[in-house]
Amino acid sequence: MSTISMKERKTKMEAITTKLIIAGILFLLTLVSGVIVSHSSRPYSIGLVTIHKLIAMGTVILIGMIINQLWKTADGKAIIEISVIIITGILFITLIATGALLTREEMQLPEIVIKIHKISPLLAMASSAVSVFLLVNGKS
Ligand code: HEM
């Protein structure tokens, strides 16, 4: 491997590391803002929910960008990596869908919706971490 490409690779990995740190912080802020919304009295404060929603969307977009970037440079793309990435996507879509349902005050929702919105963040976090881990280790 030439020196230039090693340098390029180093710069790319540094850029991804920075994004990973920001994504981790955003994820934590999503969890904290979610717990704050959850403990606030109903009807939900529009301001709090909007903050939670925007941070959540930022987190999802950034994680998507990281996985996409790693995906493009990864050498090994095994079925396991594809599966974990699909599961991660489904979990985030589930969070956005249940989050949207929760903010609709006029609907009396079954308890399961809130339970799913409480369990999915942890699963999404684990699944995102596994996706990144597998893609990084898929490199030669
Ligand atoms: C990455 C996406 C998301 C994550 C990780 C996430 C995470 C969380 C967490 C951890 C809680 C607190 C649950 C608890 O108290 O144990 C929460 C609550 C809540 N989230 Fe999200 N959330 C996400 C997306 C959204 C979106 C997009 C919306 C709105 C459109 C939303 C609306 C809500 C609402 C209304 C609550 C309060 C539910 C309650 O009364 O307990 N969330 N969220």
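Residues numbered from 1 in each chain as written. Predicted model: local features only at pLDDT ≥ 70, side-chain atom pairs only at ≥ 80, totals over all residues. Heavy atoms only, no water.

(A) Examining the coordination of the iron atom of the ligand more closely. Surrounding the iron atom of the ligand are the protein donor atoms H52 (NE2) and H117 (NE2), which sit 2.0 Å from the metal. One way to put it: the 6 donor atoms around the iron atom of the ligand meet at angles of 88 to 179°, and that makes the site octahedral. Of this pair, H52 sits in helix α2 (residues 46–73) while H117 sits in helix α4 (residues 111–137), placing them 65 residues apart in sequence. We note that H52, like H117, is buried. (Donors = N, O, S within 2.8 Å, 3.2 Å for Na, K, Ca; no water. Tetrahedral: all angles 85-135°; square planar, octahedral: opposite > 155°, others 65-115°. Helix = DSSP H or I, 4+ residues; strand = E, 2+ residues; numbered from the N terminus. Buried < 20%, exposed > 50% of the residue type's maximum accessible area, 1.4 Å probe, protein only.)

(B) The arrangement of the site of the ligand in detail. In the neighbourhood of the ligand, 23 residues make up the surrounding shell, with S38, Y44, H52, K53 and H117 lying closest. Contacts to the ligand include R42, whose side-chain N or O atom sits 3.2 Å from an oxygen atom. Interatomic distance of 2.8 Å between a side-chain N/O atom of H52 and a nitrogen atom of the ligand. Among the elements of the structure, α1 (3–39), α2, α3 (79–102) and α4 are those that each provide at least two residues to the shell around the ligand. A per-element tally of the shell around the ligand places α1 first, with 7 residues. A class-by-class count of the residues in the shell around the ligand yields 13 nonpolar, 7 polar and 3 charged. (Near = heavy atom within 4 Å. Polar contact = N/O pair within 3.5 Å; in protein donor to acceptor, adjacent residues only side chain to side chain. Nonpolar A, V, L, I, M, F, W, Y, C, P; charged D, E, K, R; others polar.)

(C) Region of interest: the side chain of S131. With respect to the helices and strands, S131 occurs in helix α4. S131 gets classed as buried once you look at its relative accessible area, which sits at 2%.

(D) Main features of the packing of aromatic side chains. Scanning the model with the defined rule gives 1 aromatic pair in all. Between F27 and F92, the ring centres sit 6.1 Å apart and the planes meet at 50°, which makes this aromatic pair tilted. Taken as a pair, F27 in helix α1 and F92 in helix α3 lie far apart in primary sequence, 65 residues in all. (Phe/Tyr/Trp six-rings, centres within 6.5 Å; stacked < 30°, edge-to-face > 60°.)

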